[in-house]
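# Commentary on secondary and tertiary structure
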Amino acid sequence: MRLTGAVVLVTGASSGIGAAVVRRLADAGSQVVAAGRDPDRLDRLAAETGATTLVTDLSRPHAGRELAERALARYTRVDVLINNAGVGWAGPFNGMADSLADELLAVNLRAPMELTRALLPGMCHRGGHLVFVGSIAGRLGVNGEAVYAATKAGLDAFAQSLRMELAGRQVAVSTVVPGVVDTPFFARRGQPYRRRRPRPLPPDRVAAALTDAIANDRAEVYVPRWLRLPVAVRGLLPAVYRRLATRFG
Ligand SMILES: NC(=O)c1ccc[n+]([C@@H]2O[C@H](COP(=O)([O-])OP(=O)(O)OC[C@H]3O[C@@H](n4cnc5c(N)ncnc54)[C@H](OP(=O)(O)O)[C@@H]3O)[C@@H](O)[C@H]2O)c1
């Protein structure tokens, strides 16, 4: 999909990876609709990039569908949907409040489904591109992040299934699988990232890979690329993977 002139809706645009994606898209000449919760950060991004902004809380029921309708009311079409908004939580599953689990499910999984359902008919008609920002947590599972990992695994399965369903149609589907990225995500999930390795990547590395996936119709990108390796080991040698994961965490 050509980015120049494309109408692109980006969720989670007010911070981290989403804001970096908006900057790249604006540089490429896209008409960007930047959605997020924080109006002040969105206003600053709009002043810098010229993006249109929409404030929304995607944890609310039907918020995804409403956001899609608001974007269509503004531009009459959305060519590219980037499902990037996400929220984490770290700690023992036993101690996780139901309300937090509901929030993760709503923002990370339900809202992308609602947005996709609302925008897909137009895309099937005119062509389009769906992007899902997953996580290596959804591919491998993570100790202390059971619900977050489950939402991202669900998003992966949703994207993969849609890709099969839409094969031969005019709608492309890309999944972006980041590792550790230097954004407010960790502080917000209530547990800072403390490991020395892997080192957090700048959010623009993910934004570059994501926009490249749209421009060159890539089904799946890992950022960094070596993350394919543990996923392959887990698939081919699950017992070896489990031993390594227990040892190195
Ligand atoms: N950082 C990493 O290491 C990492 C690794 C793998 C995958 N990811 C994924 O990458 C995506 C972007 O995360 P990030 O690292 O850029 O984190 P971030 O800086 O915390 O940004 C998260 C974005 O999601 C939005 N968001 C959260 N809850 C929302 C809600 N209820 N309604 C609407 N928007 C909401 C936030 O909006 P406000 O700021 O306006 O609240 C923010 O724009 C997420 O899906 C995350 O799971 C991140």
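Whatever comes next refers back to the structure up there.
This section reports on the structure supplied with the text. Predicted, not measured: the structure shown is a model, and the values here were computed from it.

With that settled, the discussion passes to the packing of aromatic side chains. How two aromatic rings sit relative to each other is set out by the distance from centre to centre and by the angle between their planes. Following the criterion strictly, the structure yields 4 aromatic pairs and no others. Ring geometry for Tyr148 and Phe185: centres 5.3 Å apart, planes at 50 degrees, overall tilted. Here Tyr148, found in helix H6 (residues 146-165), pairs with Phe185, found in helix H7 (residues 185-188); they are 37 residues apart in sequence, far enough to count as distant. Residue Tyr148 is classed as buried on the basis of its relative accessible area of 7%. Seen in terms of ring centroids, Phe185 and Phe186 are 5.3 Å apart; in terms of plane orientation they differ by 90 degrees. Their pairing is edge-to-face.

Pairing is parallel in the open sheet, where 7 strands are placed in the order E3-E2-E1-E4-E5-E6-E7. With partners counted over all chains shown, the strands left at the sheet margins are strand E3 (52-55) and strand E7 (220-223), one partner each. Across the sheet, the mean angle separating the axes of adjacent strands is 15 degrees when strand polarity is ignored. Both strand E1 (residues 7-10) and strand E4 (residues 80-83) contribute to a ladder of 3 bridges, which runs parallel. Within E4, the position partnered with Val10 by the bridge is Ile82. Contacts between helix H1 (residues 16-27) and the sheet are confined to E1, strand E2 (31-36), E4 and strand E6 (171-178), with E1 contributing the most and set at about 170 degrees to the helix.

So, on to empty space enclosed by the protein. Taken as a whole and assessed by the stated rule, the structure comprises 1 cavity of 30 Å³ or more. Considered as a void within the structure, the largest cavity measures approximately 40 Å³ in volume. Forming the boundary of the largest cavity are Trp89, Gly91, Phe93, Met96, Gly144, Glu145, Ala146, Val147 and Tyr148. Per-class residue counts for the lining of the largest cavity are 6 nonpolar, 2 polar and 1 charged.

Bringing the pairing of E3 into the picture now. Covered by surrounding structure in E3 are Thr52 and Leu54 only, the residues Thr53 and Val55 on the alternate face being uncovered. Where E2 and E3 come together, 4 bridges link them in parallel fashion. Following the sheet pairing, Ala34 is matched in E3 by Thr53. Handedness of the crossover is the feature at issue here: the chain leaves E2, passes through helix H2 (residues 39-49), returns alongside E3, and the resulting connection is right-handed.

What counts, and at which threshold
Residues numbered from 1 in each chain as written. Predicted model: local features only at pLDDT ≥ 70, side-chain atom pairs only at ≥ 80, totals over all residues. Heavy atoms only, no water. Phe/Tyr/Trp six-rings, centres within 6.5 Å; stacked < 30°, edge-to-face > 60°. Helix = DSSP H or I, 4+ residues; strand = E, 2+ residues; numbered from the N terminus. Buried < 20%, exposed > 50% of the residue type's maximum accessible area, 1.4 Å probe, protein only. Pairing = 2+ DSSP bridges. Axes fitted to C-alpha atoms, helices over the stretch in contact; angles between N-to-C directions. Contact = heavy atoms within 4.5 Å. 1 Å grid on protein atoms, 1.4 Å probe; cavity = no way out; pocket = protein on both sides within 12 Å on 5 of 7 lines; lining within 4 Å. Points joined across faces, edges and corners; volume = space filled by probe spheres on them. Nonpolar A, V, L, I, M, F, W, Y, C, P; charged D, E, K, R; others polar. Right-handed = clockwise from strand over helix to strand, strands pointing away.

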